[in-house]
Amino acid sequence: IRGGLMLRHRVIPVLLVKDHGLVKTKGFDKSTYIGDPTNAIRIFNDKEVDELALIDIGATASGRGPNFELVEQVASECFMPLSYGGGIRTLDQAKRLFSLGVEKVMLQSAALDDLSIVRDIANYSGRQSVAVAIDVRTGRFGKERLFRACDGSDEGKDWLGFAKAAQDMGAGE
């Protein structure tokens, strides 16, 4: 209890998918297939988790958009709020994801390239439906640096400044 309020923990499993399959990685590198994401979702339904995040780790790196077929399949099995990230570059893609049952889109590369995508999606669906992922690594001299997840490139930006700018553009998380 903090300040008279009880803090509630939220359980949000993150499922990584690549090429239609559920994968595990070591440091988000060298993925190993571990099964069908639908089976994992059924388990999390039974566990009554608070939310489920599905991230297609191969979409942006391979230059393709979201796997709408997989999202539709997953959303039909998912009985908790569903977040999706991977390959989202346009408002139209986000709109299609929302129409398939996704409640929140997670952006990184598109937001790093142009934060106006965050504003456009937030204006369409509300701040609560847009999350911006930020990967931070400690550099050679102990300075924290903003990196792009799909290729590991150093963005040369202050991560905290980027986070504030994303929030100002409408990111809710």
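In what follows, the accompanying structure is described. (Residues numbered from 1 in each chain as written. Predicted model: local features only at pLDDT ≥ 70, side-chain atom pairs only at ≥ 80, totals over all residues. Heavy atoms only, no water.)

**Side note on the environment of Ile34**
Right, on to step 1. One can find Ile34 in strand S3 (residues 29-35).
Right, on to step 2. Separated by twelve residues in the primary sequence, Ile34 and Leu22 place their C-alpha atoms 5.6 Å from one another. (Helix = DSSP H or I, 4+ residues; strand = E, 2+ residues; numbered from the N terminus.)

**Considerations on the packing of helix H1 (residues 37-47) against helix H2 (residues 68-77)**
Right, on to step 1. Two elements in contact, H1 and H2, have axes separated by 9 Å at closest approach and are oriented at 25°. The orientation of H1 relative to H2 falls into the category roughly parallel. The element H1 and its partner H2 pack so that their crossing is right-handed. Together, Pro37, Thr38, Ile41, Arg42 and Asn45 of H1 and Leu70, Gln73, Val74 and Glu77 of H2 make up the contact between the two elements.
Right, on to step 2. Among the residues making up the contact of H1 with H2, the classes are represented as four nonpolar, three polar and two charged. (Axes fitted to C-alpha atoms, helices over the stretch in contact; angles between N-to-C directions. Parallel < 35°, antiparallel > 145°, perpendicular 65-115°, else oblique. Left-handed = near helix turned anticlockwise from the far one by under 90°. Contact = heavy atoms within 4.5 Å. Nonpolar A, V, L, I, M, F, W, Y, C, P; charged D, E, K, R; others polar.)

**Here's the deal with the packing of aromatic side chains**
Right, on to step 1. This structure, assessed with the given rule, holds one aromatic pair.
Right, on to step 2. Relative to Tyr124, the ring of Phe98 has its centre 6.3 Å away and its plane inclined at 20°; by these criteria the two rings are stacked. Separated by 26 residues along the polypeptide, Phe98 in helix H3 (residues 91-99) and Tyr124 in helix H5 (residues 116-125) bring together distant segments of the chain.
Right, on to step 3. Judged by relative accessible area, which is 46%, Tyr124 ranks as partly exposed.
Right, on to step 4. If you follow Arg96 out to its NZ or CZ, it ends over the ring of Phe68, 4.0 Å from the centre.
Right, on to step 5. Between the NZ or CZ atom of Arg137 and the centre of the ring of Phe147, over which it lies, the distance is 4.6 Å. (Phe/Tyr/Trp six-rings, centres within 6.5 Å; stacked < 30°, edge-to-face > 60°. Buried < 20%, exposed > 50% of the residue type's maximum accessible area, 1.4 Å probe, protein only. Lys NZ or Arg CZ within 6 Å of the ring centre and 35° of its normal.)

**A closer look at the sheet that holds strand S2 (residues 21-26)**
Note: strands within a sheet are paired through backbone hydrogen bonds, in either parallel or antiparallel orientation.
Right, on to step 1. Taken together, seven strands build an open sheet; the order of strands is S3-S2-S1-S4-S5-S6-S7 and the sheet is mixed. Two strands close off the open sheet at either side, each with one partner strand: S3 and strand S7 (130-132). Each adjacent strand pair in this sheet contributes to an overall mean axis angle of 35°, direction not counted.
Right, on to step 2. Note that strand S5 (residues 82-85) and strand S6 (residues 104-107) share three bridges and pair parallel. If you follow Tyr84 over to S6, its bridge partner there is Val105.
Right, on to step 3. Relative to S7, H5 is tilted by about 155°, and along the sheet it contacts S6 and S7. (Pairing = 2+ DSSP bridges.)

**Let's talk about H5**
Right, on to step 1. Along H5, the residues that are buried comprise Ser116, Ile117, Val118, Ile121, Ala122 and Ser125.
Right, on to step 2. Looking at the buried side of H5, the elements it contacts are H3, S6, helix H4 (109-113), S7 and helix H6 (159-169).

**Points about H1**
Right, on to step 1. By the burial criterion, the buried members of H1 are Pro37, Thr38, Ala40, Ile41 and Asn45. When H1 is viewed along its axis, its buried side chains cluster within an angular range of 155° and face the same direction. Within H1, the exposed residues directed more than 90 degrees away from the buried face are Asp46 and Lys47.
Right, on to step 2. On its buried face, H1 sits against strand S1 (14-18), S2, S3, strand S4 (52-56) and H2.
Right, on to step 3. After H1 finishes, the residue Glu48 shows a positive phi value of roughly 55°. (Arc of directions from axis to C-beta.)

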